[in-house]
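Chain by chain, the residues run as shown.
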Amino acid sequence: MNNLVKVENSKIEQTTILTLNRPEKRNAISIELINQLKVIIEKLHQDDETKLVIITGEGSAFCAGGDLNDFHGEIDQEKAHELLSQMQEVLWQITTLPMPTIAWMNGLARGGGMELASACDFRYVHESGNYGFTQGKLGISTGWGGGTLLYERIHSQEAYYWLVSADIRSAQVLKSIGFAQATFSTHQLELEHDLIKPFISRSLTQLKHWKSQWLQNQDLQKLKTKMDAEVEACSHMWVSDEHKEAVSNFFKRNKK
Ligand SMILES: C[C@@H](C(=O)O)C(=O)SCCNC(=O)CCNC(=O)[C@H](O)C(C)(C)COP(=O)(O)OP(=O)(O)OC[C@H]1O[C@@H](n2cnc3c(N)ncnc32)[C@H](O)[C@@H]1OP(=O)(O)O
C-alpha cells in the first residue's frame, strides 16, 4: 500500500506531521487517501503524548481538493452522499482532536483542500501560494462540511461572499481576512520555525487545556448538524449537469 499520507512523529517535540503525499496530483484527496487519513486521525484521538498535529502537503501544492476522478463516473446522489460523508467524517474528527492542529499550507489549495485547512485550528500559508473555495465555479458547494467551518473561522459576511465569488486569493488576503494567522516564506517545514515554536514550547497539559476550552466554546452538536446539511446539499448538486460539465472541462483542459 502506498503511503498517501506520510506520518512523522517527532518524539522530543511531541509533534505529529501528516503530509499529503500525492504531489503528482497536487495532493488531490482520493478515496484511498481518505481511508488512510481516517485510520491516522482515529489513532490520534487515542494519543496521550502528541501535543501538536500539523497537516501539510508534499511538493508544490497543499491540496487540490477532492480527486475529481475518484468522485465521478456514473454515481447517483446517494453514492455522492456516501462518498462526501466519508471525508466529512475525517474533517469532523480533525476538528475535534484533543490537541491543537495547524494547516501548514505549503502552496496552493482549491476546493476541498480549503475545507481540510478549515478543519484545523490554525492556518499558516506560503506567501507565494494561491487559495480558493472554487466549488462555486464547479456547479457545487462545499461538500465536506468545510463551508460550515469557514463560517467559524472568518467573519460570516466574508465567508458568504467568498463561497459565492469562488475567487482565488493571495496569502496576504487570507491573512487580512483572518483565515490565515500568518504567512511564511520557507520551503521546508521546520519545527524550530518561529510560527511553530510557541506551540512546541508549551506543555502537553497547557495545550490540551486550551484545546478543550476552544472546543467548549463552540456548539459542537449544532456544528455537526450544519455540516451534515452541507453534505446533503452538495450531494444533490454533485449529480447536476453544471457540475458534470465543469469536471469534464477540467479534464479536457488538462489534456490540451
Ligand atoms: C470534493 C469537493 C469538495 O469541496 O467537497 C472538491 O474539492 S471539488 C475539487 C476542487 N478542486 C479543483 O477544482 C482543482 C482542480 N485542479 C486545478 O485547478 C489545477 O490542477 C491546480 C490544482 C490549480 C494545479 O494546477 P497545475 O497547473 O499546477 O497542475 P495540473 O493542472 O497540471 O495538475 C497536475 C495533475 O494533477 C491532477 N489534478 C489536479 N487537481 C486534481 C483534482 N482535484 N482531482 C484529480 N486530479 C487532479 C491533474 O489532472 C494533473 O494530472 P495529470 O498529470 O495526470 O494530467
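Going by what an unreviewed UniProt entry lists, the chain is known as Ethylmalonyl-CoA decarboxylase and is assigned to Alkalibacillus silvisoli. The Sequence similarities (unreviewed entry) field of the UniProt record for the chain holds the comment "Belongs to the enoyl-CoA hydratase/isomerase family." The UniProt entry for the chain carries the following comment under Function (unreviewed entry): "Decarboxylates ethylmalonyl-CoA, a potentially toxic metabolite, to form butyryl-CoA, suggesting it might be involved in metabolite proofreading. Acts preferentially on (S)-ethylmalonyl-CoA but also has some activity on the (R)-isomer. Also has methylmalonyl-CoA decarboxylase activity at lower level."

1. Quick notes on the sheet that holds strand β3 (residues 52–57)
Here 6 strands make up an open sheet; going across it, the order is β1-β2-β3-β5-β7-β10 and the pairing mixed. Each edge of the sheet is formed by a strand with only one pairing partner; in this case those strands are β1 (5–10) and β10 (182–184). For this sheet the average axis-to-axis angle between neighbouring strands, irrespective of direction, equals 20°. Alignment of β1 against strand β2 (residues 15–20), held across 6 bridges, turns out to be antiparallel. By the bridge assignment for β2, V7 is matched with L18.

2. With respect to helix α4 (residues 146–153)
Within α4, 6 of the 8 residues are buried, which leaves the element mostly enclosed by the surrounding structure. Within α4, burial applies to G146, G147, T148, L149, L150 and R153. Looking at the packing, one finds that the buried side of α4 touches α2 (77–95), α3 (112–118), β7 (122–126), α5 (156–165), α8 (204–216) and α9 (220–238).

3. Some details on the site of the ligand
Of all residues adjacent to the ligand, which total 22 residues, the nearest are K25, G66, G112, E115 and Q135. Between the ligand and R26 there is a distance of 2.9 Å, counted from an oxygen atom to a side-chain nitrogen or oxygen. Computed on the free molecule, the ligand has an accessible area of 990 Å², of which 77% lies beneath the protein chains in the complex. Elements that contribute at least two residues to the shell around the ligand include exactly β6 (108–110), α3 and α10 (241–255). The greatest single-element share of the shell around the ligand, amounting to 3 residues, is contributed by α10. Of the residues assigned to the shell around the ligand, the class counts are 8 nonpolar, 7 polar and 7 charged.

4. Some thoughts on the side chain of T101
Checked against the element boundaries, T101 lands in strand β5 (residues 101–105). From its side chain, T101 meets the backbone nitrogen of D121 in a polar contact 2.9 Å long. Excluding its chain neighbours within four sequence positions, the residues that come into contact with T101 are V53, I94, A119, C120, D121, F122 and K211.

Criteria and cut-off values
Residues numbered from 1 in each chain as written. Predicted model: local features only at pLDDT ≥ 70, side-chain atom pairs only at ≥ 80, totals over all residues. Heavy atoms only, no water. UniProt positions renumbered as here; feature names shortened; annotations may be inferred. Pairing = 2+ DSSP bridges. Helix = DSSP H or I, 4+ residues; strand = E, 2+ residues; numbered from the N terminus. Axes fitted to C-alpha atoms, helices over the stretch in contact; angles between N-to-C directions. Buried < 20%, exposed > 50% of the residue type's maximum accessible area, 1.4 Å probe, protein only. Contact = heavy atoms within 4.5 Å. Near = heavy atom within 4 Å. Polar contact = N/O pair within 3.5 Å; in protein donor to acceptor, adjacent residues only side chain to side chain. Areas by Shrake-Rupley, 256 points an atom, 1.4 Å probe, with all protein chains shown as cover. Nonpolar A, V, L, I, M, F, W, Y, C, P; charged D, E, K, R; others polar.

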